[in-house]
Structure formats: C-alpha cells, structure tokens
Amino acid sequence: MTLKEMAKPMAAQPVADGSLISAVRDALISNALPGELDGFTQEDREEAAEFVVDVGARRKPGELALEMKSIGGEVGKRRMRLAIVNDDMPFLVDSVAGAIAGRELGIHRLLHPVVKATRDDKGKLTAIGDGKPESIIYIELDRADARRRQELVEELRAVLTNVRNAVTDWRDMLACMEADAEVLDGPDDEGAALLR
C-alpha cells in the first residue's frame, strides 16, 4: 500500500450501520481492564466504535485493516486513534504495543476484544456475533507529526505481517526442528536435545 493510499480520508469509506457500531461499542467495553474506561465517555465510545467499524468495514480473511488518525483539539487531549482489525491470532497486542513503545509514544487506552464477525464474499462486514473470530485493537496514543505517523503505520503493517507469518509457519518450523534433531541424535547429543 502506498503512502497516498494510507492517507485517504475516512469520508471515502462507507458509514456503518448502527447495529454494527453498537455491537463493536459493547465489545470494546465488555472486557476492558480496570482503568481502561476512565474518562471514556459515551460519546467517546460511540466515536471509537464508529471508527473501528469504518476501518474494518471491508476486509477479506488474511488481510489486515489498519488506520490511524488524530483526535482532540484541546491541549492535553491531543492524541491519535488507532484501529486494527485482523484475523485473531496470538502475539498481536504485544507486538503492536512494542512497536508503539519503540517509537517512544505513550499508550493512553488499549482495548482488545475478539469478536465473531460475518462477512460477505467480498469481505464486507455484515454482522457481529456469529462467524469467524476477528481481533479488534483500539488504541489511543500520544500524537505524532505526519511523518512519524506514516512511519508507525508502515512499521505496524510490517510487524503484523511478521506475526502472521510466524503464527502460520510455527508448526512447519517445529516439524523441521524435530527432523533435524533425529539427524543429530546420538549418544549424549546436546544439539538434538536443544532442538527438541
């Protein structure tokens, strides 16, 4: 994806219907950790849910939906909002949080529900509650200038691609390591033991 494509305004995306927004809003707040909802008003929750639904409105299995935008105008509330909708898999939150921390940006709110989503054959989100598990990561973080935002978006895309590759390849990797251990196997072979 080019930088120009990443910079497309949100208005170009279809506005989601109210039932999807309500379902995502409820999912965002249902498993929040203590303190994560402090200062998260009803209006904030609606805006966050609408943002998440717009970002994930069209996504095929194996594809990543990711968008970041600035929010808040008053001093002390200038932040960025990040939404990531992806197939559910391990290591997503830690990988995203690590990339953000590596850029020395503070995370003010992190919500991570896993929802069952139904999509049509073109990837359009049609319902929440049934379907395949999808990971939603919603983060409010320190604001950065346009260049740092673009760099972070590119890094997050690369990190999440690496996570997908690692998760899909790990069984094959274990099989290769076991096969290598069999080749090395001999009396007191520490290499074979290490691979096992």
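Residues numbered from 1 in each chain as written. Predicted model: local features only at pLDDT ≥ 70, side-chain atom pairs only at ≥ 80, totals over all residues. Heavy atoms only, no water.

1. A few points about the packing of helix 4 (residues 92–102) against helix 5 (residues 146–184)
Remark: helix 4 packs on helix 5, axes separated minimally by 10 Å, with the N-to-C direction vectors making an angle of 150 degrees. Taken together, the axis directions place helix 4 and helix 5 in an arrangement best described as roughly antiparallel. Between helix 4 and helix 5 lies a crossing whose hand is right-handed. Here Leu92, Ser95, Val96, Ala99 and Ile100 of helix 4 come into contact with helix 5, specifically with Leu152, Glu155, Leu156, Val159, Leu160 and Val163. For the contact of helix 4 with helix 5, a count of residues per class yields nine nonpolar, one polar and one charged. (Axes fitted to C-alpha atoms, helices over the stretch in contact; angles between N-to-C directions. Helix = DSSP H or I, 4+ residues; strand = E, 2+ residues; numbered from the N terminus. Parallel < 35°, antiparallel > 145°, perpendicular 65-115°, else oblique. Left-handed = near helix turned anticlockwise from the far one by under 90°. Contact = heavy atoms within 4.5 Å. Nonpolar A, V, L, I, M, F, W, Y, C, P; charged D, E, K, R; others polar.)

2. A closer look at helix 5
At aspartate 169, helix 5 shows its largest bend, some 50 degrees. All buried positions along helix 5 are accounted for by Leu152, Val153, Leu156, Arg157, Leu160, Val163, Arg164, Val167 and Ala181. (Bend = angle between axes of the 7 residues up to and from the residue. Buried < 20%, exposed > 50% of the residue type's maximum accessible area, 1.4 Å probe, protein only.)

3. Points about the pattern of salt bridges
Going through the model one piece at a time under the given rule, you end up with 12 salt bridges. A salt bridge links arginine 59 to aspartate 87, with the nearest nitrogen and oxygen atoms 2.9 Å apart. Pair noted here: arginine 59 is in the loop between helix 3 (42–55) and strand 1 (65–71) and aspartate 87 is in strand 2 (residues 79–87), with a separation of 28 residues, a long-range link. Take arginine 59 and aspartate 87: they sit in the same class, and that class is buried. In this structure, arginine 147 and glutamate 151 form a salt bridge, with 3.2 Å as the shortest nitrogen-oxygen distance. With arginine 147 and glutamate 151 both in helix 5, this residue pair falls four residues apart, about one helical turn. Overall, the relative accessible area of 27% leaves glutamate 151 in the partly exposed class. Salt bridges sharing common partners tie together Arg59, Asp87, Arg119, Glu134 and Arg164. (Salt bridge = Lys/Arg side-chain N within 4 Å of Asp/Glu carboxyl O.)

4. Some points on the packing of helix 2 (residues 18–30) against helix 3
Interaxial distance between helix 2 and helix 3 falls to 8 Å at its minimum, and their mutual angle equals 115 degrees. Classed by the angle they form, the pair helix 2 and helix 3 counts as roughly perpendicular. Along this stretch, helix 2 crosses helix 3, giving a crossing that reads as right-handed. Where helix 2 abuts helix 3, its residues Leu20, Ile21, Val24, Arg25, Leu28 and Ile29 lie against Gln42, Arg45, Glu46, Ala48, Ala49, Glu50, Val52 and Val53. Grouping the constituent residues of the contact of helix 2 with helix 3 by class yields nine nonpolar, one polar and four charged.

5. Observations regarding empty space enclosed by the protein
By the definition in use, this model includes one cavity of 30 Å³ or more. Roughly 60 Å³ of internal volume is contained in the largest cavity. If you trace the largest cavity, you find it lined by Val24, Val52, Val53, Gly56, Val85, Val115, Ala117, Arg119, Leu125, Ile128, Glu134 and Ile136. Examining the composition of the lining of the largest cavity, we find that three residues originate from one element, strand 4 (residues 114–119), more than from any other. Within the lining of the largest cavity, the residues separate by chemical class into nine nonpolar, one polar and two charged. (1 Å grid on protein atoms, 1.4 Å probe; cavity = no way out; pocket = protein on both sides within 12 Å on 5 of 7 lines; lining within 4 Å. Points joined across faces, edges and corners; volume = space filled by probe spheres on them.)

6. Looking at the pairing of strand 2
Counting buried positions along strand 2 gives eight out of nine residues, so the element sits mostly inside the fold. When strand 2 meets strand 6 (residues 132–142), the two strands line up antiparallel, connected through nine bridges. Bridge pairing in strand 6 places asparagine 86 opposite serine 135. (Pairing = 2+ DSSP bridges.)

7. Quick look at helix 3
Since one α-helical turn is 3.6 residues long, residues separated by three or four positions face the same way. The end-to-end C-alpha distance of helix 3, which contains 14 residues, comes to 20 Å, matching closely the 20 Å that a straight helix rising 1.5 Å per residue would cover. Where helix 3 is concerned, the buried positions are Arg45, Ala48, Ala49, Phe51, Val52, Val53, Asp54 and Val55. In the core, the buried residues of helix 3 are packed alongside helix 2, strand 1, strand 2, strand 5 (125–128) and strand 6. (Expected span 1.5 Å × (residues − 1).)

8. Some remarks on the packing of aromatic side chains
Scanning the model with the defined rule gives one aromatic pair in all. Relative to tyrosine 138, the ring of phenylalanine 40 lies with its centre 6.3 Å away and its plane at 35 degrees, an arrangement referred to as tilted. Here tyrosine 138 lies in strand 6 and phenylalanine 40 lies in the loop between helix 2 and helix 3, a separation of 98 residues in the sequence. The same class applies to phenylalanine 40 and to tyrosine 138, which are both buried. (Phe/Tyr/Trp six-rings, centres within 6.5 Å; stacked < 30°, edge-to-face > 60°.)

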